[in-house]
Amino acid sequence: LNNNNLSSLPTEIVDGHRIFCGIDDVETFSFRFNKFTSLPDIFRSDALYIASSVDFSYNEITSIEKGGVDGKYQGIRVETLSLSGNLLTEYPVEFAQSNALIQYVNLSACRLNKIPEVSFTYENAINLMSLDLSYNQLDDLPKEFHSGNMPYFYGIDLSYNRFSSFP
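Quick notes on the rules
Residues numbered from 1 in each chain as written. Predicted model: local features only at pLDDT ≥ 70, side-chain atom pairs only at ≥ 80, totals over all residues. Heavy atoms only, no water. Salt bridge = Lys/Arg side-chain N within 4 Å of Asp/Glu carboxyl O. Helix = DSSP H or I, 4+ residues; strand = E, 2+ residues; numbered from the N terminus. Buried < 20%, exposed > 50% of the residue type's maximum accessible area, 1.4 Å probe, protein only. Core = buried A, V, L, I, M, F, W, Y, C linked by side-chain atoms within 4.5 Å. Contact = heavy atoms within 4.5 Å.

**Student:** Break down the pattern of salt bridges for me, with residues and values.
**Tutor:** Enumeration over the complete set of coordinates arrives at four salt bridges. In this structure, D55 and R32 form a salt bridge, with 3.1 Å as the shortest nitrogen-oxygen distance. Highlighted residues: D55 in strand β5 (residues 51-55) and R32 in the loop between β3 (28-30) and β4 (38-39), separated in sequence by 23 residues. The buried category is assigned to D55, whose relative accessible area is 12%. Between R44 and D46 there is a salt bridge; the shortest N-O distance is 2.9 Å. Accessibility expressed as a relative area gives 27% for R44, which makes it partly exposed.

This is the structure in structure tokens:
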């Protein structure tokens, strides 16, 4: 569904969860170059299957939708999540709050200027392996950003940010 003018997706509540069609065993979702202003809450952290790739790059995303029945973000289970080229100014704490399982996160060129301290202190943070935070406005990393919280972490790109010293 790349290169359209989509700004939302039709959803319904099934078994207490907001869903977008039968996506349980779909491997790749691509919604690049659309008009979304928030990351749709159509996935779940406790889903049975793990998607290969979810790509909402180059939209107008400024926040994470909290569309769950309880008014919270339902989370996501994915190998690679790409939100590059959006308008996020803070790393989404909703990933931690929902115990999202994400291995590779691409948040390059998103105008990020802050990573909240709670962003990497949750059970599934151990699955995080790589972060692309290049072309943002970061000048610091939270003290919780360490191998105790992310033991399998092996790659980070902090190019073209605002660091004045090694974090």
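**Student:** Please provide a residue-by-residue account of the nonpolar core, values included.
**Tutor:** With 39 residues, the main nonpolar core has V54, F56, I76, L83, F95 and L107 as its most contacted residues. Of all elements in the fold, only β5, β7 (77-82), α1 (94-97) and β8 (101-106) reach the threshold of two or more residues within this core. Sequence-distant contacts of F95, that is, excluding residues within four places in its chain, are made with L39, Y73, L81, L83, A100, I102 and Y122.

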